[in-house]
Amino acid sequence: MLINIQDFIEFLRKTAQQGDQISQVVVPVRSEYADDTHTFFRPLTESNTPLFNSYRTVDPAKFLLYLPREQVFPAEQTKNRILAGVKACDLKALELLDAALLYDQFTDPAYKQWRDSTLIITSDCDDISSSCHCNLVNGQPFAENGYDLNLSQIKNDFLITVGSDRGDKLLDRIKSEIKTRKASESQRMQVEKQRKRIIERLTGQNKPYSRSSHYEKLRTIDPAPWQDESMTCIGCGACTHICPTCYCLILNDESKADQFIKQRSFDSCQYNGYARVAGGATPRPSMTERFRNRYLCKFDYMVHNFEKIGCTGCGRCTQACAGEIDFRQVVHNLQNMAIAVQ
Ligand code: SF4
Ligand code: SF4
Ligand code: SF4
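Residues numbered from 1 in each chain as written. Chains lettered and ligands numbered in written order. Predicted model: local features only at pLDDT ≥ 70, side-chain atom pairs only at ≥ 80, totals over all residues. Heavy atoms only, no water.

Draft legend 1. The arrangement of the sheet that holds strand β11 (residues 180–181) in detail. Pairing is mixed in the open sheet, where 8 strands are placed in the order β3-β2-β5-β8-β9-β10-β1-β11. One side of each edge strand has no neighbouring strand; the edge strands of this open sheet are β3 (39–43) and β11. The sheet contact formed by strand β8 (residues 118–123) and strand β9 (residues 149–154) spans 3 bridges and is parallel. Across the sheet, I121 pairs through a bridge with L149, a residue of β9. Packing of helix α6 (residues 185–205) onto the sheet brings it into contact with β1 (2–4), β9 and β10 (157–162), and relative to β9 it is tilted by some 90°. (Pairing = 2+ DSSP bridges. Helix = DSSP H or I, 4+ residues; strand = E, 2+ residues; numbered from the N terminus. Contact = heavy atoms within 4.5 Å. Axes fitted to C-alpha atoms, helices over the stretch in contact; angles between N-to-C directions.)

Draft legend 2. Up close: the layout of surface pockets. Here the largest pocket is characterised by a volume of approximately 260 Å³. Taken together, the elements giving at least two residues each to the lining of the largest pocket come down to α8 (238–242) and α9 (287–306). The element best represented in the lining of the largest pocket is α9, accounting for 8 residues. Its residues assigned to classes, the lining of the largest pocket shows 10 nonpolar, 5 polar and 5 charged. Looking at the second largest pocket, its volume works out to about 220 Å³. Q21, I22, N80, R81, D116, S117, T118, L119, R166, K169, L170 and R173 together form the lining of the second largest pocket. Taken together, the elements giving at least two residues each to the lining of the second largest pocket come down to α4 (109–117), β8 and α5 (165–177). In terms of residues, the lining of the second largest pocket owes the most to one element, α5, which gives 4 residues. Split by residue class, the lining of the second largest pocket holds 3 nonpolar, 4 polar and 5 charged. (1 Å grid on protein atoms, 1.4 Å probe; cavity = no way out; pocket = protein on both sides within 12 Å on 5 of 7 lines; lining within 4 Å. Points joined across faces, edges and corners; volume = space filled by probe spheres on them. Nonpolar A, V, L, I, M, F, W, Y, C, P; charged D, E, K, R; others polar.)

Draft legend 3. Expanded view of the nonpolar core. Counting 25 residues, the largest nonpolar core has F8, F52, I82, I121 and I174 as its most contacted members. When residues in this core are grouped by element, the largest group, 6 residues, is from helix α1 (residues 5–18). Those residues within four positions of I82 in sequence are excluded, and the remaining contacts are L12, I22, Q24, V25, V26, L119, I121 and L170. Grouped together as the second largest cluster of nonpolar side chains are 24 residues, A61, A100, I120 and A143 included. (Core = buried A, V, L, I, M, F, W, Y, C linked by side-chain atoms within 4.5 Å. Buried < 20%, exposed > 50% of the residue type's maximum accessible area, 1.4 Å probe, protein only.)

Right under this line is the structure:
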């Protein structure tokens, strides 16, 4: 199904304004600083313009479904929303959060509410950032499933693909309000070509970072190389907060004027006080141990618990790092070292 991009944006604006079924539409928009080319998720308004393609936003989709600070009891009412322009790496991250937060023995009620009330529209990447490396962790720059609708740009149109019943219903609404056309075979081929071109760019960019699939070998590395790799780490926790798959939390009891509430906030395994118990004991007292824990969490614990690598290759941790540590480089260096000593 083909739809004109401007018509689609107007449809989203109108849908948000009407507020009957959907009360908010969140989209990627450019930074307000003229020389900044990054995008951020913001509510769609009359005055901003969404940029659906490009590469992922600075802020992960996680921030809109698992909020940095949120009242979880009594849980607050969520809004019915459309979250559009989500990239494949963020969608994969939501699958991991689902595995951690929505399973038979535990459900995070606030996350579940946001997940249930948010319709996800993904869009193919037509550009990459210098830290993007989804291709190194079994990913690619377009979503294959798990979305409600997916957008692939062809000149002034989007090719829309349906991924769920919710998406199908939204597409019916779109069709009833604006003109749509059937996509031709050559237009579908065009999308395949565009996807291939971005994969080639990712492959070229990430050529220096070789990987084997034996991530478990990271565990066998001695402390000294971890110490070298973490030399410039200051334990700020930016990497975990910005990571779309990190979900460590801290719960606080707080009081409002007329009630007690529970607040959930992000915690970070990079903090000195993380997991500290009464008496001051902590499982990982040195920065090197905490640094190592983050990599093992992504490539060992999450694989063990969820059968998926805990990194989706978005590259945000590399861009946010005050110590200028490149996540890909650390995995490359240590994995090669582990393989060499086998
Ligand atoms: S990591 Fe891959 S999916 Fe994510 S923004 Fe970059 S190219 Fe797109
Ligand atoms: S570890 Fe870094 S590259 Fe991997 S998903 Fe998290 S932020 Fe993205
Ligand atoms: S962002 Fe960089 S400096 Fe900060 S805790 Fe993470 S690895 Fe260390």
